[in-house]
Amino acid sequence: ERKLILSPLERMAICCIFFEPSSRTMESFGVAANKLGAFTRNLVGERDGKTGEWVIPYSSMIKGETFEDTIATLSTFYDAIVIRHPVIGKVAIAADHSVVPVINGGDGIGEHPTQGLLDLFTIYNELGEVDGKHIVLVGDPKNGRTIHSLIKILTHYDVKVTIVAPEQLMLQEEYREEAKRAGILKEETTEFERVIPTADIVYMTRVQGERFPNNPEGQAAYERVKDAYIMTPEIMATAKPKMALMHPLPRKNEIDTRCDADTRSAYKHRQMRNGLYIREALLAAVLGKV
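As the structure is a computational prediction, the values presented were derived from the model and not from experiment. (Residues numbered from 1 in each chain as written. Predicted model: local features only at pLDDT ≥ 70, side-chain atom pairs only at ≥ 80, totals over all residues. Heavy atoms only, no water.)

J.: A description of the sheet that holds strand β7 (residues 134–138) should follow, citing residues and the corresponding values.
T.: The sheet built from five strands is open, its strands ordered β9-β8-β7-β10-β11 with parallel pairing. Pairing within the sheet leaves two strands with one partner each, and these edge strands are β9 (185–189) and β11 (244–246). Averaged over all pairs of adjacent strands, the angle between strand axes in this sheet comes to 15°, irrespective of strand direction. Where β7 lies against strand β8 (residues 160–164), five bridges are found, and the strand directions are parallel. When the bridges of β8 are listed, Ile 135 appears paired with Val 161. (Pairing = 2+ DSSP bridges. Helix = DSSP H or I, 4+ residues; strand = E, 2+ residues; numbered from the N terminus. Axes fitted to C-alpha atoms, helices over the stretch in contact; angles between N-to-C directions.)

J.: How would you explain the pairing of strand β5 (residues 80–85) if you had to name every residue and give the values?
T.: Judged by how many residues are buried, β5 sits mostly within the fold: six of six residues are covered. Burial along β5 is two-sided: Ala 80, Val 82 and Arg 84 and Ile 81, Ile 83 and His 85, pointing in opposite directions, are all buried. Bridge analysis of strand β1 (residues 13–18) against β5 gives five bridges, and the strand direction is parallel. Residue Ile 17 lies in a different strand from β5, and its bridge partner there is Ile 83. For β5 and strand β6 (residues 102–107), the ladder comprises four bridges, and the chain directions are parallel. Its bridge partner being in β6, Ile 81 is matched across the sheet by Val 102. (Buried < 20%, exposed > 50% of the residue type's maximum accessible area, 1.4 Å probe, protein only.)

J.: Give me the lowdown on the pattern of salt bridges, citing residues and values where you can.
T.: Taken as a whole, this structure holds 18 salt bridges when the rule is applied. Asp 200 is the salt-bridge partner of Lys 240, the closest N and O atoms lying 2.9 Å from each other. Placement of Lys 240 in the loop between α8 (233–236) and β11 and of Asp 200 in the loop between β9 and β10 (201–204) is noted, with a sequence separation of 40 residues between them. Accessibility expressed as a relative area gives 30% for Lys 240, which makes it partly exposed. Between Asp 260 and Lys 268 there is a salt bridge; the shortest N-O distance is 3.2 Å. For Asp 260, a relative accessible area of 22% translates into the label partly exposed. (Salt bridge = Lys/Arg side-chain N within 4 Å of Asp/Glu carboxyl O.)

Structure follows, in structure tokens:
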């Protein structure tokens, strides 16, 4: 007979290391760990003004210790590490130098696996099933790691995916080819309003200004596309009665705040809350408690 364990991660310690800002991922991992009985520590990294390297303030990285040695050290003390880093592949490097599980909290414009899991869970909760649905991904698929991870997950389902983006922000080739091989890519288009009436999920993302070059040309390019697509109540009125509107957040202007009151808007609370549940389950799983 199995007994209910209310604090399965009691006496365990989880370290969250974030070199990029986060309101949801870092907090939800911390709360998830705490609710399961674990101790958590949040370390916020930054770029060193002198060397340009990404470092954790007040750590030996300031003295020149490598990222790899720092991770090896922390993995000696903690039971699991969650990392967000602006450089693609850096989380994988951390995993190679850690003796405990390392969870990817987002790596640059690469991927965001736990967001993909919570997005899939949200789709299922909102619609009752995933197969057979038309999912429209809008905004910045080129730089959007949340879109990349969601596409990889959706290749395992019988869905149709439409990409809506400005020409210069269309999906990277590796993700396009993966979607094509799986037979889920319906179309890529710049036309937003045309595809909304047939969508079961509309997944809005912001155009990521921080990924554009920090020079006059780069900022001008960002200004041209930053508000390319904005969901409004008027456009929502053309959508299916049971369509679900999602967004990984943070948002800027791409969803009019008047849409918040629409019962189909999952992003404001339901989608975020699902992130807590998914990360609780994931921590328990990787630490061998389920």
